[in-house]
Structures are given as structure tokens and as C-alpha cells.
Amino acid sequence: MPSVGQLLDEHAAALRSFLRARCGDADLTQDLMQEVALRVVQAAGRLDSGRNVRGYLFRTAANVWRDFLRREMVRRRFGEAAVEGHAPSADAMVFEEDLKAAVRQAISELPNAQREVVELRHHAGLTFREIAERLGRPLGTVLGQMRAALRKIGTAIHEHR
Amino acid sequence: MMNISDSHASADELVLFAYGELPPPRAPEVEVHLAACGACRAQFVEMERVRVLADWTLEPRRRRTVRWTTVVLAAAALLAAILLVGRRRSDGPPQAGGWPPQPEWSANAGYVAGGRPMIVIDSQLTRLEQELPHGRP
């Protein structure tokens, strides 16, 4: 089993590309890479050779990106102080709960065809191809419905950002 | 000559890419393109924000099902143990051996079923109940 440093070195270019495509900024990519490395080092004791290490590294990078977006939403609303340290401020927690309530409301107001796709993808965890098969719709239609749904949810929560 | 990063991603490709479902060879091409194309990335990041929020809001059903299954099994075990205790009280002295195990009274540990004190089984059930996803932590 290679060391954590070796694993990170081996996959660094791919992980950097993954993050750079999403954030589009070289400095931010570096910060996010450091966060990935930190999480991997913290989990090093739980890694074993039988595990899909590459998959684990990319899931970690995806989680770091997801957490960055969440922090960014809170930061936009309350400023840097709200996301410093490990524990979110009380204001940030209330804001996050409000945001989730707004998302739930927006999803409930979607047309049935779009809501079905959102719930099957996010709640049931089906792939778009599986959703298309289950609903008997062309894949392109399902993707269009998901796109429309995300746009509507985004518009509905705009005031919370 | 056209650079690979000049090839804009279609709207459908961006959705598939956001959800990790865009197959190769297009996925790495889109990844390279997004790093270089601000217009596509802006569209993509806007979608990502909502995707992350929806993911965060709608807990995956599979995880919840596993937890509920655990609780239901634990509750069934406790119910069986309670019924056995009741039967012992009403049917007289328990028979030794056999399955399911007959609860027995112990001066030190109270009722014991299958070698485990009932109070331990009960505390485990309480812990499982507390771990229920009533709300996301």
C-alpha cells in the first residue's frame, strides 16, 4: 500500500483538473487541493489496499467542492466570519435551514414531470438513463426536465443568497 | 486548427457532467473545456449550486432505508424478548436450552436473554432511536 503522499502525488494532476474545471481559478484550486490532502491524511488510517483508492480520492474532491459551494453561499450572505472555524454560526445554521426549506418548497411547486425526475435522481439515486427507462421518456427529455427544474429551483432560492 | 477547449459543452452534457454521468471520452474533454471557458463554467457552476442544495435537502432514500431496517430489526428483537419474558411469567419456569433463548432472572443483571442483559438491549434500542434521521445533523 503506497503512502498517502504517494497516492496524492499519483493522482494530483487528475484531482487538480477535476477541481480546476469547477472553480476555474488556479489559487482556489490549490486551496481546495490542500483541503483534499488534509481530509485524505485524516482518513489515512481507514484506507486499505482493497479499497478503490482513486474513487475515494475523487469522492473526497467532490465533497470538498460541494462544501466550498455551501460555504460560499453562507459567506455571500453573512461575510467571512460566518464560515470561519469548524462550527457554523447560529445565523448561518438558520440561513441553511431556511435555504433547505426554500428548496423543498420550490421542488414541491415544480410541474409533476420535473419533480419526478428530481426526486428519482436525488432521492432514489437513479441515473438519468435509469430514470428515462423507468418513466418511458427519451434521455434528452429527462435531461431537459432536470435542467428546467434546476433553473426553477435556482430562481426560487435566489432571494436567500 | 480547433483547440479541444473551443468545443463548448451542450446543455445536456453539462447536466450529465454535473452528476458524474457523462461517459468517456467526452467527460475529460468537458473537464478541460470548463477550466478554459468562463461562459460554460458560469452556466455549470450555477447548476452545481442548485444541485448541491437539492442533494443536501433531499436525503438519499437508500441511506434512510438501511437505518430504518436496522431499527425495525432491533425493535423486533426487543419485542421477541419481551414476549418471552411474558411467557415465562405466565407459563411457569423456563426450559433450558433451545432457540429462541429463554430470558432468565439474574440477581446481578436483572432479566438476561441470550446471555445479554435486557437493560443493555434496551439501551442499544434507545441509541438507535436517537440516531434516527429526524433532521440532518
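Residues numbered from 1 in each chain as written. Chains lettered and ligands numbered in written order. Predicted model: local features only at pLDDT ≥ 70, side-chain atom pairs only at ≥ 80, totals over all residues.

Draft legend 1. Examining helix H2 (residues 26-36) of chain B more closely. Those residues of H2(B) lying buried are Val30(B), His33(B), Leu34(B) and Ala35(B). The secondary structure elements touched by the buried residues of H2(B) are helix H1 (4-23) of chain A together with helix H1 (11-18) and helix H3 (38-57) of chain B. (Buried ≥ 20, exposed ≤ 12 C-beta atoms within 10 Å, placed from the backbone. Helix = DSSP H or I, 4+ residues; strand = E, 2+ residues; numbered from the N terminus. Contact = placed C-beta atoms within 7 Å.)

Draft legend 2. Quick look at the environment of Arg20(A). Within the secondary structure layout, Arg20(A) lies in helix H1. Sequence spacing of Arg20(A) and Met33(A) is 13 residues, and the spatial spacing of their C-alpha atoms is 9.7 Å. The residues touching Arg20(A), leaving out its near neighbours within four places in the chain, are Thr29(A) and Ala35(B).

Draft legend 3. Highlighting the nonpolar core. One finds Ala61(A), Val103(A), Met146(A) and Ile153(A) to be the most contacted residues of the largest nonpolar core, which totals 46 residues. Among the elements that make up this core, the one with the highest residue count is H3(B) (seven residues). (Core = buried A, V, L, I, M, F, W, Y, C linked by C-beta atoms within 7 Å.)

Draft legend 4. Region of interest: the confidence of the model for chain B. The predicted model of chain B has a mean per-residue pLDDT of 71, with 44% of residues at 70 or higher. No element of chain B has a lower mean pLDDT than helix H4 (residues 61-91) of chain B, at 60, and none a higher one than H1(B), at 95. (pLDDT = per-residue confidence, 0-100.)

Draft legend 5. A look at unusual backbone geometry. In the segment running from Pro24(B) into Pro25(B), the intervening peptide bond is cis, with an omega of 5 degrees. By the secondary structure assignment, Pro25(B) is in the loop between H1 and H2.

Draft legend 6. Representation of the environment of Phe95(A) within the structure. Residue and element names in this part refer to chain A. Locating Phe95 in the fold gives a position in helix H4 (residues 90-108). In this structure, the C-alpha to C-alpha distance between Phe95 and Arg77, residues 18 residues apart in sequence, is 8.6 Å. Excluding anything up to four places from it in sequence, Phe95 contacts Val74 and Arg77.

Draft legend 7. Main features of the interface of chain B and chain A. In this assembly, 26 residues from chain B lie in contact with 29 residues from chain A. Elements with a minimum of two residues in the side of chain B that touches chain A: H1, H2, H3 and H4 of chain B. Sort the elements by how many residues they give to the side of chain B that touches chain A and H3(B) lands first, with 14 residues.

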